[in-house]
Amino acid sequence: MQLKKVSISVAALLALSTAAACSSSKSDKGGNSPGNNGGSSGAAAPSGVPDPGKQPKSKIKAATMSGDCADFGKYGKYSGKKVTIYTSITEPEISYHINAMKQFEKCTGVDVQYAPSKEFEAALKTKVDGGNAPDIALFPQPGLLGTFAQSGKLKPASDAVTKEAEKNWVPSWIGYGTVDQVYFGAPLGANLKSLIWYSPKYFKQYNYTVPTTWDDLIKLSDKMVADGHKPWCAGIESGDATGWPATDWMEEVMLRKYGPDVYDQWWQHKIPFNDPKVLDVLKIVGGILKNPKYVNAGIGDVKSIATTAFQKGGLPIETGKCMLHAQANFYAANWDKGTKVGPDGDVMAFYEPTMGNQFGKVAEIGGEFVGAFADRPEVEAVQLYLASGEWATAKAKLNAAAHTSGWATANKSVDKSVFVDPIDKLSVDVLTDPTATVRIDASDIMPSSVGTGTFWKNITQWILGNQDDKTTLDKIEASWPK
């Protein structure tokens, strides 16, 4: 989701924002929570391979620059030109985006004006339909980008932007910005959801070892039970988006048990939602989340998962009442002030282990995509800069200098040395791993009536014990748009 939230074979890779949905960024101070999710219009998420012959030629005319602007000559000169960027990313994160653009503005002469909004999705449609579209939009979900691309309102990326994106991201990320072999939007920030938080301090106290396989994860959970602990803590309450953290659990297990191909069949509805494979996944998830011996450590019983705010779901780790909490990199914003995050600190996270070697390293991810509603040269120049490793590095430096965490990128050209927060470093290492396979949060790219509707609602009822596995999946299947 955006809070939560292409197959990306990372080599196709392992593979949001402070304001949007699971997939993108969630960034309320309270810790990111899903907002509008992709697929809201019911359109399928974009996915494919760009045809170079279908991308328009670049309109940028390079200029000769010197001094600290020498590297910006490739973007051209545009004195007095303005480019508007509409985004779901709000304060405090938006300030880092704005400041990361300062050198580009100084050197090119472009006045880049960001317009953040918590009503991004609905307001963007109104703007576009009313003939008042922004020059650029930062889409928190590929499904929404695909909707505007299919409507003919979004402009294809130029050949220069396409080449820059293909240089910096693995094919799966490129596929999410491609519709009918036409490339529309380069990725920007990224969220890594495949993490499990723990306390190095308490692991050392109880002589626990970070697991590297799923079997080891379950064995560790059982050992914790034998030692008198309830190992897992969780919370899925999130207002209108209640349920999304539990759907993340299903997505992670689907990737690990059945692999990316079946995962794609699932969200595309090429297999029914109540398919035996999906039922098997729910049973595996239930083996943890509905196991009274395992949950809800430091909080209550199984049902308390549904009423515990997701921002608070992992906090018992700080006091040793809980040992394990599955949540994305952006969860770092929720730890109490003074909590040290790191391998030797109060809390840390590890990559959620796979269930075998059949599918390699897999991960669930989310991110934003840069799409343009105008094709003026200065707009293309901004797109090109946002697709570069230079922009990603500038943005990461600003976050590091402010000692903020929770922002990562899958841009392979980013200078990894500028990431100082241990979770950000871990996330970037995974997101840029050329041996990994990633998938975007399935509920973000299903039709919204399902992904952010009946899926969330029914898995919440399942946690509460109001319906069994089969009934839960049957209800979701019955809700799929005909």
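See the structure shown above.
Each chain has its residues counted from 1, following the order in which its sequence is written. This being a predicted model, a pLDDT of at least 70 is required before a residue's local features are given, and a value of 80 or more before pairs of side-chain atoms are given or counted; all residues contribute to the totals for chains, interfaces and linings. Derived side-chain values reflect all non-hydrogen atoms in the structure, with water molecules and hydrogen atoms excluded from consideration.

*Asks:* Sorry, what's going on with the pairing of strand β4 (residues 136-139) here?
*Replies:* Within a regular strand, side chains alternate between the sheet's two faces. Each residue is placed in one exposure class: buried if its accessible area under a 1.4 Å probe, protein chains only, is under 20% of its type's maximum, exposed if it is over 50%, and partly exposed if it falls in between. Here a strand is any run of E in DSSP of at least two residues, a helix any run of H or I of at least four, and the numbering for each starts at the N terminus. Every second residue of β4 is oriented toward a common face, with I136 and L138 on one face and A137 and F139 on the other, all of them buried. For two strands to count as paired, DSSP must find a minimum of two bridges between them. Pairing analysis gives three bridges linking strand β2 (residues 82-87) to β4, with the strands arranged parallel. Across the sheet, the residue bridging to I85 is I136, located in β4.

*Asks:* Hey, could you run me through the pattern of salt bridges in this one?
*Replies:* Side chains that differ in charge, positive against negative, can pair when their charged atoms come close. Any carboxyl oxygen of Asp or Glu within 4 Å of a side-chain nitrogen of Lys or Arg constitutes a salt bridge here. In total, this model carries 19 salt bridges according to the counting rule given. Among the salt bridges present, the one from D227 reaches K223, with a minimum N-O distance of 3.8 Å. We classify D227 as partly exposed; its relative accessible area is 37%. Of the charged contacts, one joins D474 and K470 as a salt bridge, the two residues approaching to 2.7 Å between their closest N and O atoms. Of this pair, D474 and K470 are both found in helix α17 (residues 469-479), four residues apart, which corresponds to roughly one turn of the helix. Several salt bridges converge on common partners, so that one network encompasses K125, D129 and K153.

*Asks:* How do you make sense of the nonpolar core when you look at a structure like this?
*Replies:* Across soluble globular proteins, you tend to see nonpolar side chains buried next to one another. By convention a nonpolar core is built from buried Ala, Val, Leu, Ile, Met, Phe, Trp, Tyr and Cys residues, the set being connected through side-chain atoms within 4.5 Å. F104, F139, W232, W266, F273, L324 and V382 are the most contacted members of the largest nonpolar core, which totals 141 residues. Ranked by residue count, the leading element in this core is helix α9 (residues 244-267), at eleven residues. In contact with F139, not counting residues within four places along its chain, are F120, L124, L144, L145, F148, L154, G367, E368, F369, G371 and F373. In terms of nonpolar packing, the next biggest core, distinct from the first, is built from six residues, A241, F310, A328 and W456 among them. Contacts are residue-level and defined by heavy atoms, with any inter-residue pair within 4.5 Å sufficient.

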